[in-house]
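A closer look at the structure
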Amino acid sequence: MLYTRLALPLISLFLFAVPAAQAQDQSPVTSIVESWLASPHGDRTSEAFVHWNEDGAVPEDCATCHSGPGLMDFLGADGSLAGKVDVPAPTNSPIDCVACHNKSAAELEQITFPSGEIMTEASPSAICMVCHQGRASSDTVNAAIAGGEDDAINSELGFINVHYAAAAATMFGGSVRGGYQYDGKTYAERFAHVPDFNTCTTCHNPHTTKVVAVDQCVACHKGAETLRDIRITPADIDGDGDVKEGIRAEITTLHEKLGEAVMLYAKEVSGKPVVYDAHAYPYFFNDLNDNGASDPDEAAFPNRYQSWTPRLLRAAYNYQFLAKEHGAYAHNPRYAIQLAYDSLEDLSSKAAVDMAGMTRP
């Protein structure tokens, strides 16, 4: 195994060192290596892989998805017990070839989500779902707000972050409760697309992570020039009167309205204005000057928002879920719409949120 891990970087160095004429003989391998190096999974300088450099190691809780050796540890591909990371993983170690191309990854079919739900995925996409599922769920939020009155501020509540790109949680929808799902509501379950485009690796190049076969998508979805133009319903979801825009635009408008509703509720009900910053942890901060914008002196951890009510936390969780899941419109658009709509509806019971013309699928 050590030989395999050392050999991969050496192979890539060799491919880029040989003359162009010789490299042409290696074109399939060269293409794969170049694709991987240019992808988020291969960028060893990105925050995803250097965040723990000062600590000297990636902690066990983060190592599965932020270190190639950590992923192998989780899979049991390094000889350890599968399902957990046993030791901290090395920093600057991206998700490399052997992390996904090993016997344990190939045989993986059962994926456990943060809700505890176990889903079966008998395809090469199973390895993708290990990391692209988020780190929280409805259950996480419900556990935090249990026993609290919906509109009473609880200073012990903190924002619950689903983490980034929870695509698999979106795709499985209501079955795994990745978004916050309101009591008494029903939610779309796994998004079933046509068989040839129904898994992670049939829609994304596994090495570049980029979407493939866009031409084939728009060939079936007549009138759409890009994926973002595709509609799945004639209904006016966001209530803006435009029934020709792509479903992504419908979701984007709902998401924007949800952000506005979160700020409105915080000001009107909690009495503490809040502002969101997508690039600063923990994302929600006190809006000290009440200008509705995240200013440099506000987006700092000491100024984190600490005036959460259960109702506000539920909605903010869904706002972040959709903010960090940029492909929700393709992975499970109905589920994304339902999360935004229900959050708006819940906030509107206490704040002056305008939902005129909106439709829930």
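This report concerns the structure included in the present document. (Residues numbered from 1 in each chain as written. Predicted model: local features only at pLDDT ≥ 70, side-chain atom pairs only at ≥ 80, totals over all residues. Heavy atoms only, no water.)

**Considering the nonpolar core**
So the rule is basically this: What makes a nonpolar core is a set of buried Ala, Val, Leu, Ile, Met, Phe, Trp, Tyr and Cys residues whose side-chain atoms join them at distances within 4.5 Å. Burial here depends on accessible area, computed with a 1.4 Å probe over protein chains only, as a share of the maximum for the residue type. Under 20% is buried, over 50% is exposed, and the range in between is partly exposed. Helix numbering and strand numbering both begin at the N terminus, where a helix is a DSSP run of H or I of at least 4 residues and a strand a DSSP run of E of at least 2. We call two residues contacting when some pair of their heavy atoms lies within 4.5 Å.
With 72 residues, the main nonpolar core has Phe113, Val262, Phe284, Trp308, Phe321, Leu344 and Leu347 as its most contacted residues. Looking at which element gives the most residues to this core, the answer is helix α15 (residues 310–323), with nine residues. For Phe113, the contacting residues outside a window of four places in its chain are Met119, Gln133, Ala168, Ala169, Phe172 and Val176.

**What about the pattern of salt bridges?**
Quick note on the threshold: Salt bridges are identified by distance alone: a Lys or Arg side-chain nitrogen within 4 Å of an Asp or Glu carboxyl oxygen.
Counted according to the given criterion, the structure contains 15 salt bridges. The partner of Arg311 in a salt bridge is Asp150, and the shortest N-O contact between them spans 3.6 Å. Of the two residues, Arg311 sits in helix α15 while Asp150 sits in the loop between α10 (138–145) and α11 (167–172), which places them 161 residues apart along the sequence. For Lys185, the salt bridge goes to Asp342, with nearest N and O atoms at 4.0 Å.

**Observations regarding the packing of α15 against helix α17 (residues 333–348)**
Just so we agree on the cut-off: With axes taken as lines fitted to C-alpha atoms, and helix axes fitted only over the stretch in contact, angles between N-to-C directions fall between 0 and 180 degrees. Under this scheme an angle from 65 to 115 degrees is roughly perpendicular, one under 35 degrees roughly parallel, and one over 145 degrees roughly antiparallel; angles in between are oblique. By definition, turning the near helix anticlockwise from the far helix through less than a right angle yields a left-handed crossing, and turning it clockwise yields a right-handed one. The classification used treats Ala, Val, Leu, Ile, Met, Phe, Trp, Tyr, Cys and Pro as nonpolar, Asp, Glu, Lys and Arg as charged, and all other residues, Gly among them, as polar.
Put simply, α15 and α17 touch, their axes get as near as 9 Å, and they point 155° apart. Taken together, the axes of α15 and α17 are roughly antiparallel relative to one another. In the packing of α15 onto α17, the handedness of the crossing is left-handed. On α17, the residues that touch Arg311, Arg314, Ala315, Asn318, Phe321 and Leu322 of α15 are Tyr335, Ala336, Leu339, Ala340, Ser343, Asp346 and Leu347. Its residues placed into classes, the contact of α15 with α17 shows eight nonpolar, two polar and three charged.

**A look at the state of the cysteines**
Stated formally: We call a pair of cysteine sulfur atoms a disulfide when they lie within 2.5 Å.
Using the criterion set out here, one finds one disulfide in the structure. Between the sulfur atoms of Cys65 and its disulfide partner Cys131 the distance amounts to 2.3 Å. Note on the Cys65 and Cys131 pair: the S-S dihedral is about -105°, so by sign convention the disulfide is left-handed. Of the two residues, Cys65 sits in helix α5 (residues 60–66) while Cys131 sits in helix α9 (residues 126–131), which places them 66 residues apart along the sequence. Given a relative accessible area of 23%, Cys131 falls into the partly exposed group. No disulfide involves Cys200; its sulfur sits 4.5 Å from that of Cys128, the nearest cysteine. A relative accessible area of 22% places Cys200 in the partly exposed class. Here Cys220 stays free of any disulfide, with the sulfur of Cys217 as its closest cysteine sulfur at 8.0 Å. The class for Cys220 is exposed, based on a relative accessible area of 65%.

**Description of the packing of aromatic side chains**
Under the convention used in this document: Between the rings of Phe, Tyr and Trp (Trp by its six-membered ring), a pair exists once the centres lie within 6.5 Å; its type follows the angle of the planes, with under 30 degrees stacked, over 60 edge-to-face, and the other angles tilted.
Overall, the coordinates contain 14 aromatic pairs when judged by the stated rule. Here Phe159 and Tyr283 contribute two aromatic rings whose centre-to-centre distance is 6.5 Å and whose plane-to-plane angle is 70°, an arrangement assigned as edge-to-face. You can see Phe159 sitting in the loop between α10 and α11 and its partner Tyr283 sitting in the loop between β3 (274–276) and β4 (284–286), a full 124 residues away along the chain. Each member of the pair, Phe159 together with Tyr283, is buried. Consider the rings of Tyr276 and Tyr319, whose centres lie 5.0 Å apart with planes at 85°: the pair is edge-to-face. Of the two residues, Tyr276 sits in strand β3 while Tyr319 sits in helix α15, which places them 43 residues apart along the sequence.

**Brief notes about the environment of Glu298**
We count it as follows: Pairs of N or O atoms are called polar contacts if they sit within 3.5 Å, as long as, within protein, a hydrogen donor faces a hydrogen acceptor (for residues adjacent in sequence, only side-chain-to-side-chain pairs).
In this fold, Glu298 is placed in the loop between β4 and α15. Excluding anything up to four places from it in sequence, Glu298 contacts Val275, Phe285, Asn286, Asp287, Leu288, Asn289, Ala293 and Asn303. One polar contact links the side chain of Glu298 to the main-chain amide nitrogen of Asn289, over a distance of 3.4 Å.

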